[in-house]
2 protein chains.
Amino acid sequence: MSVLRDFSAQLCSGGIRVVDLTAPLQSTTPILQLPPPFGNTVPFQLEEISRYDDRGPAWYWNNIHTGEHTGTHLDAPIHWVTGRDGRSVAEIPPGELIAPASVLDFADRALQDPDFLLQVNDVQVWESEHGTVHGWFLYRTGWDARSGDQDNFLNANETGPHTPGIAADCVAWLLAERSIVGIGVETAGTDAGAAHGFDPPFPCHGSLAGSGRYGLTQLQNLAELPPTGAVVIATGLPIVGGSGSPARVLGLVES
Amino acid sequence: MSVLRDFSAQLCSGGIRVVDLTAPLQSTTPILQLPPPFGNTVPFQLEEISRYDDRGPAWYWNNIHTGEHTGTHLDAPIHWVTGRDGRSVAEIPPGELIAPASVLDFADRALQDPDFLLQVNDVQVWESEHGTVHGWFLYRTGWDARSGDQDNFLNANETGPHTPGIAADCVAWLLAERSIVGIGVETAGTDAGAAHGFDPPFPCHGSLAGSGRYGLTQLQNLAELPPTGAVVIATGLPIVGGSGSPARVLGLVES
Ligand SMILES: [Mn+2]
Ligand SMILES: [Mn+2]
């Protein structure tokens, strides 16, 4: 039997289970709130075209108004100035986005400190137990539990948002020393909430895009994936010239 | 070695190839044009928020305005009145949308007759060579070659659009006698262009939705899939209450 037929048979029989890592899209989906003079994204909104009525007697459908970077979404390299000559979201070969996942769970640390930053040493300790990180680097912080409430999700006070992230030198080390497809997080962006004040600002965005790698944000249900052995399928829409896209992200795990 | 690790290794080594079945999304992506008094979808449009400028010095991003049923997309059962008590697009278990594909190529017939309708007998002749259809029923007509030009794609004259489809009794037979996930086509909708005049109108939409099954439209590159043996991953966005969604559709084939 071929590998594909084996795979397909296991999906049918339930030997392989599909975990939905995607947040539902609706008007309450949290969005970033940048201070003036910066531009902001529109909230996700459906606009009804017809619903079994005079505008369409047998059919229901909507227009969609949203941002490229809303809900669970993919950052393409051209999203950031360091990747401006890199790939748009439509130029990413979709096969690159299907890859094994290394899932690092630091929810206990983020619970103690919302500004927690993952360090190289934290990754090395994880590797001593689970092996070298590769494929999708998925960073669990428990932040998905907050995604139903925008204020709780962005967790901002007078000094700005406070959400966990990855230290600048840890991202640089991952990109230089490990072979990863990209970084996936449960927060609104791949950088920590306080990264506007880092030097340089937003180091995770800058390093990922500059290396032609990808970001995945607002993931949920990472707790259902094992530390290693899952395969993640991350599919954005092929928006020509797009800087990113709402994405459907699925984890395949053995039952 | 586990099935998932085998699968992942084959993806890395190129033993399994990913074929993108998705049309690029841009302002020229063809959209349906319904006559008055019916509502119509907005064209796909990006609205720039910032591009490495005063509105966002280090970042480029856009808002998106589109329809749920634009480009390569997924029809959920509630899209049609026959499925109004069925699933919205967010309620479809994503594992159902990863399935083996039966790919039926009738491009030669559609070239001779743009109103060509697939009949039960055509499917039975195909089955005598390739086995029983199952999983995703993908119907190739060569129509993807027209997708760069809306007029050529919709192919309308004074009697309305003329694009190939599936006969009403063939769809009913597929749903009653075969186990399929849904029907995928290269045209703007799962019904033939002339189906507004059928009795009942739009039988493919009505039967699919009434059976809780799914439609996939404006596929491309079906010619790169074998008649059997490919696995198709069709991922829409989990739009709460949505009638459908732009989708990324990928075919996995053995090299
Ligand atoms: Mn983003
Ligand atoms: Mn549709």
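Residues numbered from 1 in each chain as written. Chains lettered and ligands numbered in written order. Predicted model: local features only at pLDDT ≥ 70, side-chain atom pairs only at ≥ 80, totals over all residues. Heavy atoms only, no water.

The name given to chain A in an unreviewed UniProt entry is Cyclase family protein, with Fodinicola feengrottensis as the source organism.

1. Points about the pattern of salt bridges
All names here are of chain A. Within the structure shown, the criterion is met by 22 salt bridges over all chains. Between Asp-144 and Arg-140 there is a salt bridge, with its nearest N and O atoms 3.6 Å apart. With a relative accessible area of 17%, Asp-144 lands in the buried category. Owing to a relative accessible area of 14%, Arg-140 belongs among the buried residues under this scheme. One salt-bridge network, in which partners are shared between bridges, spans Asp-105, Arg-140, Asp-144 and Glu-186. (Salt bridge = Lys/Arg side-chain N within 4 Å of Asp/Glu carboxyl O. Buried < 20%, exposed > 50% of the residue type's maximum accessible area, 1.4 Å probe, protein only.)

2. Quick word on the coordination of the manganese ion (ligand 2)
All names here are of chain B. Around the manganese ion (ligand 2), the protein contributes the donor atoms His-69 (ND1), His-73 (NE2) and Asp-75 (OD), at 2.1 to 2.3 Å from the metal centre. Sequence positions of the donors to the manganese ion (ligand 2) reduce to the motif H-x3-H-x1-D. Given the relative accessible area of 5%, Asp-75 is considered buried. (Donors = N, O, S within 2.8 Å, 3.2 Å for Na, K, Ca; no water.)

3. Description of the state of the cysteines
All names here are of chain A. Under the counting rule described, the total for this entry stands at zero disulfides over all chains. For the unlinked cysteine Cys-170, the closest cysteine sulfur is that of Cys-204, found at 9.0 Å. Residue Cys-170 is classed as buried on the basis of its relative accessible area, which comes to 0%. (Disulfide = S-S within 2.5 Å.)

4. What to know about the nonpolar core
Among the nonpolar cores identified, the biggest contains 58 residues, and A:Trp136, A:Leu225, B:Trp136 and B:Leu225 are the most heavily contacted of them. Apart from residues no more than four positions distant in its own chain, B:Leu225 is found in contact with B:Val19, B:Leu21, B:Val103, B:Leu138, B:Ala230, B:Val232, B:Gly251 and B:Val253. By size, the runner-up hydrophobic cluster in this structure holds 22 residues, among which are B:Ile183, B:Val185, B:Cys204 and B:Leu208. (Core = buried A, V, L, I, M, F, W, Y, C linked by side-chain atoms within 4.5 Å. Contact = heavy atoms within 4.5 Å.)

5. Here we look at the packing of helix 3 (residues 120–130) of chain B against helix 5 (residues 168–177) of chain B
Residues and elements named next belong to chain B. It is the contact of helix 3 with helix 5, at a shortest axis distance of 8 Å, that shows an interaxial angle of 50°. Comparing the axis directions of helix 3 and helix 5 gives the class oblique. Contact with helix 3, carried on its side by Val-120, Val-123, Gln-124 and Glu-127, involves Asp-169, Cys-170, Trp-173 and Leu-174 of helix 5 and no other residues of that element. (Axes fitted to C-alpha atoms, helices over the stretch in contact; angles between N-to-C directions. Helix = DSSP H or I, 4+ residues; strand = E, 2+ residues; numbered from the N terminus. Parallel < 35°, antiparallel > 145°, perpendicular 65-115°, else oblique.)

6. Notes on the coordination of the manganese ion (ligand 1)
Residues and elements named next belong to chain A. For the manganese ion (ligand 1), the full set of protein donor atoms is His-69 (ND1), His-73 (NE2) and Asp-75 (OD), and the range of their distances to it is 2.2 to 2.4 Å. Between the donor residues of the manganese ion (ligand 1), the gaps in sequence give the motif H-x3-H-x1-D. Of the two residues, His-69 and Asp-75, neither departs from the other in class, the shared state being buried.

7. A word on the environment of B:Leu222
Residues and elements named next belong to chain B. By the element assignment, Leu-222 lies in the loop between strand 12 (214–217) and strand 13 (231–236). With 84 residues separating them along the chain, Leu-222 and Leu-138 place their C-alpha atoms 7.9 Å apart. With residues near it in sequence (within four places) discarded, Leu-222 still touches Leu-21, Val-103, Leu-138, Tyr-139, Arg-140 and Glu-186.

8. Digging into the side chain of B:His69
Take B:His69: it is sitting in the loop between strand 3 (56–67) and strand 4 (73–75). In this structure B:His69 comes out as buried when scored by relative accessible area, which is 9%. Of note is the side chain of B:His69, whose polar atom sits 3.3 Å from the side chain of B:His73. A polar contact of 2.8 Å, which involves the side chain of B:His69, links it to the side chain of B:Ser243. Residues contacting B:His69, with those up to four places away along its chain left out, are A:Tyr60, A:Trp61, B:Leu74, B:Asp75, B:His79, B:Ser243 and B:Gly244. (Polar contact = N/O pair within 3.5 Å; in protein donor to acceptor, adjacent residues only side chain to side chain.)

9. Observations concerning the interface of chain B and chain A
Counting from both sides, the interface comprises 75 residues of chain B and, opposite them, 75 residues of chain A. Between chain B and chain A, the buried area comes to about 6,700 Å², and carbon and sulfur atoms account for 70% of it. It is B:Leu4, B:Trp61 and B:Arg248 that lose the most area in chain B upon contact with chain A, and together they represent 11% of the buried surface on that side. Between the two partners, chain B and chain A, sit zero salt bridges. (Buried area = accessible area lost by both parts, 1.4 Å probe.)

10. Thoughts on helix 1 (residues 3–13) of chain B
Think of an α-helix as 3.6 residues a turn; residues three or four steps apart then line up on the same face. Residue and element names in this part refer to chain B. Those residues of helix 1 that fall on the buried side of the exposure criterion are Val-3, Leu-4, Phe-7, Ser-8 and Leu-11. Across the axial projection of helix 1, the buried residues extend over an arc of 135°, all falling on one side. Summarising the geometry of helix 1, the exposed residues directed more than 90 degrees from the buried face are Cys-12 and Ser-13. Positive phi appears at Gly-14, one or two residues downstream of helix 1, with a value of about 90°. (Arc of directions from axis to C-beta.)

11. Thoughts on the packing of aromatic side chains
Counting across every chain of the model gives 15 aromatic pairs over all chains. When the centroid spacing of 6.1 Å and the interplanar angle of 20° are considered together, the rings of A:Phe106 and A:Phe116 count as stacked. One end of the pair, A:Phe106, is in the loop between strand 5 (98–105) and helix 2 (107–112); the other, A:Phe116, is in the loop between helix 2 and strand 6 (117–118), with ten residues separating them in the sequence. By the burial criterion, A:Phe106 is buried, and A:Phe116 matches it. In textbook terms, an aromatic cluster arises when at least three aromatic residues are bridged by ring pairs, as seen for A:Phe38, A:Trp80, A:Phe202 and B:Trp59. The ring of A:Tyr60 is capped by A:Arg51, whose NZ or CZ atom sits 4.0 Å from the centre of that ring. (Phe/Tyr/Trp six-rings, centres within 6.5 Å; stacked < 30°, edge-to-face > 60°. Lys NZ or Arg CZ within 6 Å of the ring centre and 35° of its normal.)

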